[in-house]
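Read off the chains here:
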Amino acid sequence: MATDLAATLAAPDVAPIQRRTLRLLFATQIIGGIGVTIGVAVGALLASAVAGTAVAGLVSSAAVVGGALLAVPVTRIMTVRGRRPGLVVAYLTGAAGGVLVVLAAVTRWVPLLFLGMLLFGGGSAANLQARYAAVDLAVPARRGRQLSLIVWATTIGAVAAPNFASLADRTTSGWGLPPLAGPFAFSAAALALAAVAILALLRPDPLLTARRVAAAGTPPAPVAAPAATARHGAGMRAAWAVVRTRPAARLGIVAVAVGHLVMVAVMVMTPVRLHEWHDDADVLRVVGLVLSLHIAGMYALAPVAGWLTDRVGRRAVILGGVGLLLAACAVAGTAGHHTARLSVGLFLLGLGWSGTMVAGSTLLSESVPVGIRPSVQGLSDLTMGLAGAGAGAVSGFVVAAAGYPVLTGLAAVAVVPLVTLALRPVPVGAPDEEE
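Residues numbered from 1 in each chain as written. Predicted model: local features only at pLDDT ≥ 70, side-chain atom pairs only at ≥ 80, totals over all residues. Heavy atoms only, no water.

## So, the overall build of the protein
Argument step 1. Helix and strand counts for the protein come out as 20 helices and zero strands.
Argument step 2. Considering only contacts in the protein between residues 6 or more positions apart, those separated by 24 or more positions represent 84%.
Argument step 3. For the protein, the exposed area adds up to about 15,900 Å²; of that, 70% sits on carbon and sulfur atoms. (Helix = DSSP H or I, 4+ residues; strand = E, 2+ residues; numbered from the N terminus. Contact = heavy atoms within 4.5 Å. Areas by Shrake-Rupley, 256 points an atom, 1.4 Å probe, with all protein chains shown as cover.)

As structure tokens, then:
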């Protein structure tokens, strides 16, 4: 009886904690979305101006690489200390990267631009990791919707942010900054603000609370041995050892990675494509509009993807996302110099990404025990980031050598392995049952 009483006292009432956590994550996703997206909107153009078109894809992919690599130390911090310090480190790293990009634009020093974009990826890493914090204390029947709510929150800032790029550029021109540097100054300020909010308000920590709940054997968290973290370790090798024995977890990782690869490959070269038939006076405005539609596709309908994930199943939504990605490549690749049709293609591209991201992340999170969950989620973000970085790095050379339509065709081919994996029957059991 004493043991039961101790377990009851150790397990907090998670419902109010989950509500507070979701509200805070929702707000910081808006701020972080503004910070990340203003930079993304002009990153390729700034890189092209400083380093040339062929290298622009490499510079843009540096942010993706940075976000992927930062997932390793961030998830180690989360495994030991919880979500709050990990998210703070990621946001502050992104803010520091934004400052370095501004300095690189002033000095026109390409190595500093690469380093700045590498660190700037910390903002994306934080925004991506926040979606996992949303499901630490979620009940199983609402995991997809609550994860997608945090993904959707990015819409508010991210859709408007590309259109603020021109305003930010004009505002900072009086400070003596070169063209396209100003948006990164605004990005750095927004990411720093998100870090301060997380540091001050994300209490109690949702991941640490979920572990207490799991140790007490109280819903909604799956029951896992209290020593799970110590037994499995906290590194990527330990995470892979868990994932490779769980088909559902493997499908989740592949869905997130392939969806991101296709999205990045097409998206990062779209501003350069638009610059082919829009002059310097109009290109920022047009890029802002097209990327706003793309980002709306990524985030605005994420709650629908989450609802479908909970109602019709994770794998069905993954396959739906794949179909949208293929349609996007077909529309964008055949758009020619028609801005409206290219915008439709980019919108579909965002929708496909949303389906694979929401359903894949939900499937992954519920397929592994709570003790190893941060490391597995970090492995997923690392894989996703490296896939996107490779796509971004190659995309500039493909466009320079063969053109934008060839790039979209190659991106469509990349979804074939995911289709094969998703069509296989995938057993899904509770993590404690699999243990």
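## With respect to the confidence of the model for the protein
Argument step 1. Looking at the protein as a whole, the pLDDT averages 82, with 85% of positions reaching at least 70.
Argument step 2. Averaged pLDDT values for the elements of the protein fall to 37 in helix α1 (residues 2-10) and rise to 94 in helix α15 (residues 314-333).
Argument step 3. Contacts from residues 1-11, a stretch scored under 50 in pLDDT, to residues over four places away or in other chains number five contacts.
Argument step 4. With pLDDT under 50 throughout, residues 428-435 is counted as low confidence; its partners more than four residues away or in other chains account for 18 contacts. (pLDDT = per-residue confidence, 0-100.)

## Considerations on the pattern of salt bridges
Argument step 1. The tally for this structure, following the rule as stated, stands at six salt bridges.
Argument step 2. Here Asp-136 ties to Arg-83 by a salt bridge, and the two come within 2.8 Å at their closest N and O atoms. In this pair, Asp-136 is assigned in the loop between α5 (110-133) and α6 (143-173) and Arg-83 in helix α4 (residues 83-107), connecting sequence segments 53 residues apart.
Argument step 3. Between Arg-314 and Asp-310 there is a salt bridge whose closest N-O contact spans 3.3 Å. For the pair Arg-314 and Asp-310, a shared accessibility class is recorded, and that class is buried.
Argument step 4. It is possible to trace a salt-bridge network through shared partners that takes in Arg-143, Arg-145, Asp-310, Arg-314 and Glu-366. (Salt bridge = Lys/Arg side-chain N within 4 Å of Asp/Glu carboxyl O. Buried < 20%, exposed > 50% of the residue type's maximum accessible area, 1.4 Å probe, protein only.)

## Regarding the layout of surface pockets
Argument step 1. As a volume, the second largest pocket reaches approximately 170 Å³.
Argument step 2. Where the lining of the second largest pocket is concerned, the elements lending two or more residues are α14 (302-312), α15 and α16 (339-366).
Argument step 3. It is α15 that contributes the most residues to the lining of the second largest pocket, four residues altogether.
Argument step 4. Residues belonging to the lining of the second largest pocket are distributed by class as follows: seven nonpolar, four polar and no charged. (1 Å grid on protein atoms, 1.4 Å probe; cavity = no way out; pocket = protein on both sides within 12 Å on 5 of 7 lines; lining within 4 Å. Points joined across faces, edges and corners; volume = space filled by probe spheres on them. Nonpolar A, V, L, I, M, F, W, Y, C, P; charged D, E, K, R; others polar.)

## Some thoughts on helix α8 (residues 206-216)
Argument step 1. Most of α8 is tucked away: eight of the 11 residues are buried.
Argument step 2. Among all positions of α8, only Pro-206, Leu-207, Thr-209, Ala-210, Arg-211, Val-213, Ala-214 and Ala-216 are buried.
Argument step 3. Its side-chain oxygen at 3.0 Å from the backbone nitrogen of Leu-207, Asp-205 defines the N-terminal cap of α8. (Polar contact = N/O pair within 3.5 Å; in protein donor to acceptor, adjacent residues only side chain to side chain.)

## Details of the side chain of Thr-309
Argument step 1. Inspection of the secondary structure assignment puts Thr-309 in helix α14.
Argument step 2. With relative accessibility at 0%, the residue Thr-309 sits in the buried group.

## Things to note about the environment of Ala-192
Argument step 1. Position of Ala-192 relative to the elements: it lies in helix α7 (residues 182-201).
Argument step 2. Sequence separation of Ala-192 and Leu-92 is 100 residues, and the distance between their C-alpha atoms is 5.7 Å.

## Some points on empty space enclosed by the protein
Argument step 1. For the structure shown, the criterion picks out two cavities of 30 Å³ or more.
Argument step 2. Contributions of two or more residues to the lining of the largest cavity are made by α2 (14-51), α3 (53-81), α5, α6, α11 (247-267), α13 (280-299), α16 and α17 (373-401).
Argument step 3. The class makeup of the residues in the lining of the largest cavity is 25 nonpolar, 12 polar and two charged.
Argument step 4. By volume, the second largest cavity is sized at about 40 Å³.
Argument step 5. In terms of lining, the second largest cavity is formed by Gly-67, Ala-71, Val-74, Ala-125, Leu-128, Gln-129 and Asp-381.
Argument step 6. Residue assignment for the lining of the second largest cavity shows that the elements contributing at least two residues are α3 and α5.
Argument step 7. Residue classes in the lining of the second largest cavity are distributed as four nonpolar, two polar and one charged.

## What about the packing of α14 against α15?
Argument step 1. Across the interface, α14 lies against α15 with an axial gap of 7 Å and an inter-helix angle of 135 degrees. On the basis of their axis angle, the class for α14 and α15 is oblique. Every residue of α15 that contacts α14 at Ala-305, Leu-308, Thr-309, Asp-310 and Val-312 is listed here: Arg-314, Ala-316 and Val-317.
Argument step 2. A class-by-class count of the residues in the contact of α14 with α15 yields five nonpolar, one polar and two charged. (Axes fitted to C-alpha atoms, helices over the stretch in contact; angles between N-to-C directions. Parallel < 35°, antiparallel > 145°, perpendicular 65-115°, else oblique.)

## As for the packing of aromatic side chains
Argument step 1. For the structure shown, the criterion picks out three aromatic pairs.
Argument step 2. On the numbers, 5.3 Å between centres and 70 degrees between planes, the contact of Phe-120 with Phe-184 is edge-to-face. Placement of the pair is Phe-120 in helix α5 and Phe-184 in helix α7, with a sequence separation of 64 residues.
Argument step 3. By relative accessible area, Phe-184 is classed as buried at 0%.
Argument step 4. With a centroid separation of 5.5 Å and an interplanar angle of 80 degrees, the aromatic rings of Tyr-299 and Trp-353 are classed as edge-to-face. Here the residue Tyr-299 occupies a position in helix α13, and Trp-353 occupies one in helix α16, the gap between them amounting to 54 residues.
Argument step 5. The class for Tyr-299 is buried, based on a relative accessible area of 14%. (Phe/Tyr/Trp six-rings, centres within 6.5 Å; stacked < 30°, edge-to-face > 60°.)

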